[in-house]
2 protein chains.
Amino acid sequence: MFRQLAHLSGFSLERLASLCEVAEAGSIGQASRGDANRQSLLSRQIAELEAVFGVALLARQSRPFRLTPEGRELAQAARQFFQVADDLQRRAENAAQRVVIGAGETLIQWLLFPACEALQRQAGKVVFTFKNLDSSRLIEALQQGEIDVALIRREDVTPSLAHTEAWTYAQAAFVPKALCRSATVLKVEELAALPWAVLEGRGHFRQFLETKARERGIKLNAVLECSSYTQVAMAVQTGRYAGFLPEFAKNAAFAGNSAVMQRPLEKGLRYDRSLVLAWREASVRNRSFLEKVIEALRVRIGKWL
Amino acid sequence: MFRQLAHLSGFSLERLASLCEVAEAGSIGQASRGDANRQSLLSRQIAELEAVFGVALLARQSRPFRLTPEGRELAQAARQFFQVADDLQRRAENAAQRVVIGAGETLIQWLLFPACEALQRQAGKVVFTFKNLDSSRLIEALQQGEIDVALIRREDVTPSLAHTEAWTYAQAAFVPKALCRSATVLKVEELAALPWAVLEGRGHFRQFLETKARERGIKLNAVLECSSYTQVAMAVQTGRYAGFLPEFAKNAAFAGNSAVMQRPLEKGLRYDRSLVLAWREASVRNRSFLEKVIEALRVRIGKWL
DNA sequence: ATGATACATGACCCCACAGTCATGTTCCGC
DNA sequence: GCGGAACATGACTGTGGGGTCATGTATCAT
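Thresholds, definitions, all that
Per chain, the residues get numbers from 1 upward, laid out in the order the sequence is written. Chain labels run from A onward and ligand labels from 1 onward, assigned in the order the entries are written. At least 70 in pLDDT is required for a residue's local features to be given in this predicted model, at least 80 for side-chain atom pairs to be given and counted, and no such filter applies to totals for whole chains, interfaces and linings, which use all residues. Note that the side-chain values use all heavy atoms of the structure and ignore hydrogens as well as water. Accessible area is worked out with a 1.4 Å probe on protein chains only. A residue is then buried under 20% of its type maximum, exposed over 50%, and partly exposed in between. Going along the chain from the N terminus, every DSSP run of H or I of four or more residues is numbered as a helix, and every run of E of two or more is numbered as a strand. At least two DSSP bridges between two strands are needed for those strands to be called paired. Every axis in this analysis is a line fitted to C-alpha atoms, fitted for helices over the stretch in contact. Angles between the N-to-C directions lie between 0 and 180 degrees. Each angle is binned into one of four classes, with values under 35 degrees roughly parallel, values over 145 roughly antiparallel, values of 65 to 115 roughly perpendicular, and all other values oblique. Crossing handedness is defined as follows: a turn of the near helix away from the far one that is anticlockwise and smaller than a right angle gives a left-handed crossing, while the clockwise case is right-handed. Should any heavy atoms of two residues lie within 4.5 Å, those residues are considered in contact. We call Asp, Glu, Lys and Arg charged. Ala, Val, Leu, Ile, Met, Phe, Trp, Tyr, Cys and Pro are nonpolar, and the rest, Gly among them, are polar. Each domain's extent was defined by an automatic or database domain assignment. Buried area: the accessible area, evaluated with a 1.4 Å probe, that two parts lose upon being put together, summed over both parts. Salt bridges, as used here, are contacts in which a Lys or Arg side-chain nitrogen is within 4 Å of a carboxyl oxygen on Asp or Glu. Under this definition, polar contacts are N or O atom pairs within 3.5 Å; protein pairs additionally need one hydrogen-donor-capable and one acceptor-capable atom, and for neighbouring residues in sequence, both atoms have to be side-chain atoms. Residue proximity to a molecule or strand is established when one non-hydrogen atom of the residue lies within 4 Å of it. Copies overlap after least-squares fitting; the atoms used are the C-alpha atoms of residues with pLDDT of at least 70 in both. Think of it this way: a Phe, Tyr or Trp ring, Trp meaning its six-membered ring, pairs with another when their centres are within 6.5 Å, and the plane angle makes it stacked under 30 degrees, edge-to-face over 60, tilted otherwise. Each residue carries a pLDDT score, the predictor's own confidence in it, on a scale running from 0 to 100.

> Please set out the pairing of strand S7 (residues 167-176) of chain B residue by residue, giving values where relevant.
Residue and element names in this part refer to chain B. Where burial is concerned, most of S7 is hidden: nine out of the 10 residues are buried. Pairing geometry for S7 and strand S12 (residues 272-280), over four bridges, is antiparallel. For Thr168, the partnering residue across the bridge sits in S12 and is Ser274. Here S7 pairs with strand S10 (residues 242-246) via four bridges, running antiparallel. Bridge assignment links Phe174 to a residue of S10, and that residue is Gly243. As defined by bridge partners, S7 adjoins strand S11 (residues 260-263) across four bridges and the pair is classed as antiparallel. Among the inter-strand pairings, Ala173 is bridged to a residue of S11, identified as Arg263.

> Would you mind going over the packing of helix H6 (residues 105-123) of chain A against helix H13 (residues 289-304) of chain A in detail, with residue names and values included?
Residue and element names in this part refer to chain A. With their axes 10 Å apart at the nearest point, H6 and H13 run at an angle of 120° to one another. By the angle between their directions, the pair H6 and H13 is classed as oblique. Seen along the crossing, H6 lies across H13 with a hand that is right-handed. Judged by residue contacts, Leu111, Leu112, Pro114, Ala115, Cys116, Ala118, Leu119 and Gln122 of H6 engage Val293, Ala296, Leu297, Arg300, Ile301 and Trp304 from H13. Of the residues that constitute the contact of H6 with H13, the class distribution is 12 nonpolar, one polar and one charged.

> Can you break down the domain arrangement of chain A residue by residue, with the values?
Residues and elements named next belong to chain A. When the domains of chain A are assigned, the result is domain 1 (3-72), domain 2 (81-165 + 274-304) and domain 3 (168-272). Once you take the C-alpha centre of each, domain 1 and domain 2 turn out to be 26 Å apart. Counting residues at the interface gives seven residues for domain 1 and six residues for domain 2. Surface buried jointly by domain 1 and domain 2 totals about 490 Å² across both partners, of which 57% is contributed by carbon and sulfur atoms. Among the residues domain 1 hides against domain 2, the three largest losses belong to Leu13, Glu24 and Arg72. Together they make up 72% of the total. Counting every contact that joins domain 1 to domain 2 gives one salt bridge. The interface formed by domain 1 and domain 2 contains two residue pairs in polar contact (both at pLDDT 80 or more). At six residues, helix H2 (residues 13-25) tops the list of elements feeding residues into the side of domain 1 that touches domain 2. Looking at the side of domain 1 that touches domain 2 residue by residue, the class counts come to five nonpolar, no polar and two charged.

> Please provide a residue-by-residue account of the protein's contact with DNA strand D, values included.
Close contacts around DNA strand D come from 27 residues, with Gly10 and Ser12 of chain A together with Gly29, Ser43 and Arg63 of chain B the closest. Counting only the atoms of DNA strand D within 4 Å of the protein, the fraction contributed by sugar and phosphate is 62%. The side chain of Ser40 of chain A places a nitrogen or oxygen atom 3.1 Å from a base nitrogen of DNA strand D. Here a base nitrogen of DNA strand D and a side-chain polar atom of Gln39 of chain B are 3.1 Å apart. Counting residues per element, the ones that place at least two in the surface near DNA strand D are H2 and helix H4 (36-53) of chain A together with helix H1 (3-7), helix H3 (28-32) and helix H4 (36-53) of chain B. Take the surface near DNA strand D: its biggest share by element is five residues, from H4 of chain A. Broken down by class, the residue content of the surface near DNA strand D amounts to five nonpolar, 14 polar and eight charged.

> Talk me through the pattern of salt bridges; I want residue IDs and the actual numbers.
In the structure shown here, the tally under the stated rule is 44 salt bridges over all chains. Between Arg206 of chain A and Glu225 of chain A there is a salt bridge, with its nearest N and O atoms 2.9 Å apart. Of the two residues, Arg206 of chain A sits in helix H9 (residues 204-215) while Glu225 of chain A sits in strand S9 (residues 222-226), which places them 19 residues apart along the sequence. Two residues, Arg60 of chain B and Glu50 of chain B, come together in a salt bridge whose shortest N-O distance is 2.8 Å. You can see Arg60 of chain B sitting in the loop between strand S1 (58-59) and strand S2 (66-67) and its partner Glu50 of chain B sitting in helix H4, a full 10 residues away along the chain. Each of Glu24, Arg79, Lys131, Arg137, Glu140 and Glu146 of chain A takes part in salt bridges that share partners, so that together they form one network.

> Quick rundown of the relation of the copies chain A and chain B? Include the residues and the values.
Take chain A, turn it by 180°, move it 0.1 Å along the axis, and it overlays chain B with an RMSD of 0.2 Å. Look at the turn and shift together and you get a two-fold axis relating the two. Mapped onto chain B, 100% of the interface residues of chain A are again interface residues, and the two copies thus contact each other with one and the same surface.

> Explain the packing of aromatic side chains residue by residue, including any values.
Overall, the coordinates contain 22 aromatic pairs over all chains when judged by the stated rule. Measuring from centroid to centroid gives 4.3 Å for Trp196 of chain B and Phe244 of chain B, while their planes differ by 15°, and the two rings are stacked. In this pair, Trp196 of chain B is assigned in strand S8 (residues 196-199) and Phe244 of chain B in strand S10, connecting sequence segments 48 residues apart. Ring-pair connections join several aromatic residues into one group, and the members of that group are Phe2, Phe11 and Phe53 of chain A together with Phe81 and Phe82 of chain B.

> Outline the confidence of the model for chain A, supporting the account with residue identities and numerical values.
Averaged over chain A, the pLDDT score is 87; the fraction of residues at 70 or greater is 99%. Mean pLDDT across the elements of chain A ranges from a minimum in helix H11 (residues 249-252) of chain A, with 80, to a maximum in strand S6 (residues 162-163) of chain A, with 96.

> I'd like a rundown of the protein's contact with DNA strand C, residues and numbers included.
Close to DNA strand C lie 27 residues; Gly29, Ser43 and Arg63 of chain A together with Gly10 and Ser12 of chain B are nearest. The protein-proximal atoms of DNA strand C, defined as those within 4 Å of the protein, are 62% sugar or phosphate. In the environment of DNA strand C, a base nitrogen lies 3.1 Å from a nitrogen or oxygen atom belonging to the side chain of Gln39 of chain A. The separation between a phosphate oxygen of DNA strand C and a polar side-chain atom of Ser43 of chain A is 2.3 Å. Secondary structure elements with two or more residues in the surface near DNA strand C: helix H1 (3-7), helix H3 (28-32) and H4 of chain A together with helix H2 (13-25) and H4 of chain B.

Listed below in structure tokens is the structure:
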């Protein structure tokens, strides 16, 4: 039935793998990352696939080129196959199964990384791959099967995705004892009084803080602008800055550091967020061990949230 | 991610297509159908795949060799990919999509064939392939994705399959006017009186009839043993035999033949059967046009049942 | 306009692999 | 235990295609 199809000139597993790479990277250039040979190869291989199928796989209207819907469709089908094949091979050589987990950098570092570490230690037989993507790309990647499970905000999950019950966590202030000795509830006034390390740009929480300060006629005393929560945590570690971090940061970033106090926020400053583990049903159907991994992750993360 | 996997020596689309063929045919021998070259090729290609995956794909305990569970798993994954690729290619060249329909020979000839004919005439753009398999093989083939939809007995569907509401039909007696001029309800006594063309072997309905006759102290007058319902219908057409056929046979086998009467059976002889269209959810998800085809088939067949 | 970025193309090598043919081996049924 | 069915294997060939290099050509940002 498929003998003829498989035998078409210009159709091969390598070309399909190339298509998958371009699909994940987003463009030929991203996928070839500086290697001119690879760029050349990818360009031609995708052109050859297009000749086979008689349909454009790359949208050539604007550069860098993105995949067309047909390109994504083919890439997804190929990836599904490769994943089954990869699983089978790993199972046969009794090696670890590969699980790809997506989330923002902060969540990876402070929740997923320790959780996966713990799982590997207790169960073994799993290799985790972390993908740090923004939330819209995470959703796409989940739907395309590029990642197996993601830890994302509750409000970001689309109806087509399965997900766990939500965990809610609050932002908390982390203040070095060198700056303030009392561990009482943080008041709005301290936004102007303490030297804050904050995230650069216009994140939701940053805007929220500035609004609260303005309402009180004061100004957020942002003396250090960081580009990630990890940097904020590092700043706090120095003892010279106070910072706002998710409350679960205390487990990961300040474990055993008694020079930093975690202080709850006063009512008006509370800022809660909800997280869920989300995945595509079809991924679990094709690779049933994912179900166990997701459940184990859920339990692990639940201990910290 | 999959570049390395795709590049493994011994891994290729042709080999996977070969594996699919063997999966559908059941064994290497069946798949190569007398061609010694093909036999040689299939044997080696599967061995090469086994080397790649480090797992037995053929169960070599008894001949002819069947696929192992791992072999079926790989074949199924490959077939799913090939089907998406095939669809994409056909869509691109604006050609008909391929739909594989399975059922017993009788149902194909008297229900599916005419139904598909009608669909093709009105809608076009679909190529039907009929597979005549026994019911257990039909279920397997559905689950493996080898066939897209099957018309089977209601009681044969497994929970993993989606299916339509059941249609119920009765067996009816078809009697040439040359043998009996009255079109009244058929009585048990006539089992001994009329010259019956019946299915050979020990089919459920055949056994049922013989039991009923024995209860009445008579014997089923089986003067012609046929190996298919079609042969029974042909026998009835000659005017020299009476036969039991599904009541929908009147549309297909005896259209415009006024020399044959359809006679209902007396209460004790009634023998009803239920049919459903069954398919695998995953197939519809991967190839969404199947949904439309199945619905159209359902409507068509519903007109006759 | 003008680099710079991003992709295409042509020419080349070399090897892996599909396919063929002949023959060997294993296993099943009787 | 024997014949045949079912699969394996070894040897060979031609070619497609992966990979590399050098260079060409669009498109984008400024």
